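For reference, the chains in residue letters:
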Amino acid sequence: VPVYGPPFVSDLDGGRRSATLADFHNFVRLAYMSPHIHHSGGTLVEPNDVDVRERHLDMLLAHITLSDKAFMGSVTHVDNARDTLTMARILYGSEAIEENPAVISLINASSPLRFDDRMFGALEVYARARQAVIVTPFIIAGAMSPAALAATLAQQNAEALFGICYAQMLNSGTPCVYGSFLANIDMKSGAPCFGTGENTLALYAGAQMARHYSLPYRSGGNLTGARVPGAQAGYESAATMLPTVQAGTNFVLHAAGWLEGGLISSYEKFILDVEMCGLLTRMTGGIGLSEEDFAWDAFEEVGPGNHFLGSQHTMRHYTTAFYDHTVFSMDNYELWEEKGSPDSYKLANSRWKQLLKDYQSPDLDTAVSGEIDDFVAHRRSEIRGRKIRSEWKHS
């Protein structure tokens, strides 16, 4: 699942800037076009050019119309959660989403040891409608928990289970995910650190606790504190994403685009992260042990001292045998030099631009689309009316 919540975007051409609705649309399209991104996500960026009171409508509308992948619900206000449900019911049908949840939503604890009204208000809406929730303590160890892993993990477990149990009290059987977002503070600067040994140990421990309770697990991602997708970003992201896969994490938020501790959604980092997701996903399938996997016919055909490049077995598996890189260059030095000696930053820049150029929107039933548009227009009118009345009273 892509990055969630950044107020800024960046790209090689324009650098860092405030995110807009156009950027939000672009990231929905990129997620839709990326086979290794399985879910459209939620607040891919904060569209700062739209009034905060109604921007959830634009974000939900983009997820519904620009992609056919599942999407996350709004949690910034109880009314926004209700709007999410209304739009999901129009899209899928009221009875259908009771049987099979249409949205999954992120409920963060306000660590240490509390949930605020906004988060629990959204949880109550979704739980009563039997929609899935990811209950996630958001902890920076040393600041929002003690500077000790055992104590931090005990706190995380208590906060996650408290939210999950509350959801079950509201509606027994509400689908819940045991969530963990756990970094540690840099004691010198106060900044959050990613890709550290402590982060990795906490990720593994959280996965073990989730399995202990027979719950799916959310954690990890391509996390970094770096400001640009350079060496620091690559190393820190890999140091987080590899244990994410090894731990058997079920729902990986922030899997693509994350920079500057989650303040930036980067176009190039998104592309590079998707490449990493593809590489690591190949690990999850293990090693096949079928007759075809042992390639007996290839050994018989080639024999000792020859090569397998042109064998029938190789031809059969030419496009599927190994991960096919889409960004990282496997060219020899001379060919790479002929192409202008591009580094991964430049290659990713070209890749996201080409994906947006090739984008084609999925089909959406005209009647459903019209009903959703009507609802959005109605809610905008209500929200703007309340805003005008509030401003008049204040004046």
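Check the entry above for the structure.
The residue numbers shown here count from 1 along each chain, following its written sequence. For a predicted model such as this one, the threshold for reporting local features is a pLDDT of at least 70, and the threshold for listing and counting side-chain atom pairs is 80 or more; totals across whole chains, interfaces and linings nevertheless cover every residue. For the side-chain quantities, the full set of heavy atoms in the structure was used; hydrogens and water were omitted.

### Some points on the pairing of strand 2 (residues 15-18)
Line of reasoning, step 1. At least two DSSP bridges between two strands are needed for those strands to be called paired. Secondary structure counts use DSSP, requiring at least four H or I residues in a row for a helix and at least two E residues in a row for a strand, with both numbered from the N terminus. Alignment of strand 1 (residues 8-11) against strand 2, held across 4 bridges, turns out to be antiparallel. By the bridge assignment for strand 2, Val9 is matched with Arg17.
Line of reasoning, step 2. Between strand 1 and strand 2, which pair antiparallel and follow one another directly, the connecting turn spans 3 residues.

### Remarks on the packing of helix 3 (residues 78-92) against helix 5 (residues 117-128)
Line of reasoning, step 1. Each axis is a line fitted through C-alpha atoms, taken for helices only over the stretch in contact, and angles between the N-to-C directions span 0 to 180 degrees. As a packed pair, helix 3 and helix 5 sit with axes 8 Å apart at the nearest point and diverge in direction by 25 degrees. Here helix 3 lies roughly parallel to helix 5, going by the angle between them. Every pair of crossing elements has a handedness; the one defined by helix 3 and helix 5 is right-handed. Residues Val78, Ala81, Arg82, Thr84 and Leu85 of helix 3 form the contact with helix 5, whose own contacting residues are Gly121, Ala122, Val125 and Tyr126.
Line of reasoning, step 2. Residue type decides the class: Asp, Glu, Lys and Arg count as charged, Ala, Val, Leu, Ile, Met, Phe, Trp, Tyr, Cys and Pro as nonpolar, and the leftover types, Gly among them, as polar. Among the residues making up the contact of helix 3 with helix 5, the classes are represented as 6 nonpolar, 2 polar and 1 charged. Oblique is the label for every angle not falling under 35 degrees (roughly parallel), over 145 degrees (roughly antiparallel), or within 65 to 115 degrees (roughly perpendicular). In this scheme the handedness of a crossing depends on how the near helix is turned from the far one: anticlockwise by less than a right angle means left-handed, clockwise means right-handed. Working rule for contacts: check all heavy atoms of both residues, and any pair within 4.5 Å makes them a contact.

### Re helix 7 (residues 197-212)
Line of reasoning, step 1. For helix 7, which comprises 16 residues, the first-to-last C-alpha distance of 23 Å matches the rise-based estimate of 22 Å (1.5 Å per residue) to within 8%.
Line of reasoning, step 2. Listed as buried for helix 7 are Asn199, Thr200, Ala202, Leu203, Ala205, Gly206, Ala207 and Ala210.
Line of reasoning, step 3. Tucked inside the fold, the buried residues of helix 7 contact helix 6 (149-170), strand 6 (176-179), strand 7 (181-185), strand 8 (192-193), strand 9 (217-218) and helix 8 (231-246).
Line of reasoning, step 4. Two residues or fewer after helix 7 comes Ser214, characterised by a positive phi angle close to 60 degrees. Given the number of residues in a helix, its expected span is that number minus one, multiplied by 1.5 Å. Relative accessible area decides the class of each residue, using a 1.4 Å probe on protein chains only: under 20% of the type maximum gives buried, over 50% gives exposed, and in between gives partly exposed.

### Regarding the sheet that holds strand 11 (residues 264-266)
Line of reasoning, step 1. Spatial ordering of the open sheet is given by 2-1-11-10, a layout of 4 strands whose pairing is mixed. Both outer strands of the open sheet, strand 2 and strand 10 (258-259), are each paired with one neighbouring strand and no more.

### Focus: the nonpolar core
Line of reasoning, step 1. Met72, Met87, Ile107, Tyr126 and Ile372 are the most contacted members of the largest nonpolar core, which has 53 residues in total.
Line of reasoning, step 2. With 7 residues, helix 5 is the largest single contributor of residues to this core.
Line of reasoning, step 3. Not counting residues within four places of it along the chain, the set of residues in contact with Ile372 comprises Leu61, Ile64, Met87, Ile90 and Leu91.
Line of reasoning, step 4. As used here, the term nonpolar core means buried Ala, Val, Leu, Ile, Met, Phe, Trp, Tyr and Cys residues forming a set that is joined through side-chain atoms within 4.5 Å. Listed in part, the 27 residues of the second largest apolar core include Phe24, Val45, Tyr267 and Leu356.

### Digging into the packing of helix 1 (residues 21-33) against helix 14 (residues 344-358)
Helix packing geometry: the angle between the two helix axes and the distance between the axes.
Line of reasoning, step 1. Packing of helix 1 against helix 14 leaves a shortest axis separation of 10 Å and a crossing angle of 90 degrees. Classified by the interaxial angle, the pair formed by helix 1 and helix 14 is roughly perpendicular. Across the interface between the two elements, Asn26, Arg29, Leu30 and Met33 from helix 1 touch Trp352, Leu355, Leu356 and Asp358 from helix 14.
Line of reasoning, step 2. Split by residue class, the contact of helix 1 with helix 14 holds 5 nonpolar, 1 polar and 2 charged.

### Some details on the side chain of Asn184
Line of reasoning, step 1. Secondary-structure assignment places Asn184 in strand 7.
Line of reasoning, step 2. With a relative accessible area of 15%, Asn184 lands in the buried category.

### Comments concerning the side chain of Ser145
Line of reasoning, step 1. With respect to the element layout, Ser145 can be found in the loop between strand 5 (132-141) and helix 6.
Line of reasoning, step 2. Here Ser145 falls in the buried class, since its relative accessible area comes to 8%.
Line of reasoning, step 3. Separated by 2.7 Å, the side chains of Ser145 and Thr152 make a polar contact.
Line of reasoning, step 4. Filtering out sequence-adjacent residues up to four positions away, Ser145 remains in contact with Ile139, Ile140, Thr152 and Gln155. Pairing of N or O atoms within 3.5 Å defines a polar contact, subject to two protein rules: one partner must be a possible hydrogen donor and the other a possible acceptor, and residues neighboring in sequence count only if both atoms are side-chain atoms.

### Thoughts on the packing of aromatic side chains
Given two aromatic rings, one states the distance between the centres and the angle between the planes to describe the pair.
Line of reasoning, step 1. Stacked, tilted and edge-to-face are the three classes assigned to paired rings of Phe, Tyr and Trp, where Trp is represented by its six-membered ring and a pair needs centres within 6.5 Å; plane angles under 30 degrees give stacked, over 60 edge-to-face, the rest tilted. For the structure shown, the criterion picks out 16 aromatic pairs.
Line of reasoning, step 2. Here Tyr32 and Tyr359 contribute two aromatic rings whose centre-to-centre distance is 5.9 Å and whose plane-to-plane angle is 75 degrees, an arrangement assigned as edge-to-face. Residue Tyr32 is found in helix 1, and its partner Tyr359 is found in the loop between helix 14 and helix 15 (366-394); the two are separated by 327 residues along the sequence.
Line of reasoning, step 3. Of the residues examined, Tyr359 reaches a relative accessible area of 14% and is grouped as buried.
Line of reasoning, step 4. An angle of 80 degrees between the planes, with centres 5.6 Å apart, marks the rings of Phe194 and Trp258 as edge-to-face. One end of the pair, Phe194, is in the loop between strand 8 and helix 7; the other, Trp258, is in strand 10, and 64 residues separate them in sequence. Trp258 carries the same exposure label as Phe194, and that label is buried.
Line of reasoning, step 5. The ring of Phe8 has Arg16 sitting right over it, with the charged end atom 3.7 Å from the ring centre. Charge-over-ring contacts are defined here by two conditions on Lys NZ or Arg CZ: a distance within 6 Å of the ring centre and an angle within 35 degrees of the ring normal.

### Describing the pattern of salt bridges
Line of reasoning, step 1. For this document, the term salt bridge refers to a Lys or Arg side-chain nitrogen within 4 Å of an Asp or Glu carboxyl oxygen. Counted by the stated rule, this structure contains 18 salt bridges.
Line of reasoning, step 2. For Lys188, the salt bridge identified is with Asp186, shortest N-O distance 3.9 Å.
Line of reasoning, step 3. Taken together, the shared-partner salt bridges in this structure form one network comprising Glu54, Asp58, Arg380 and Arg384.

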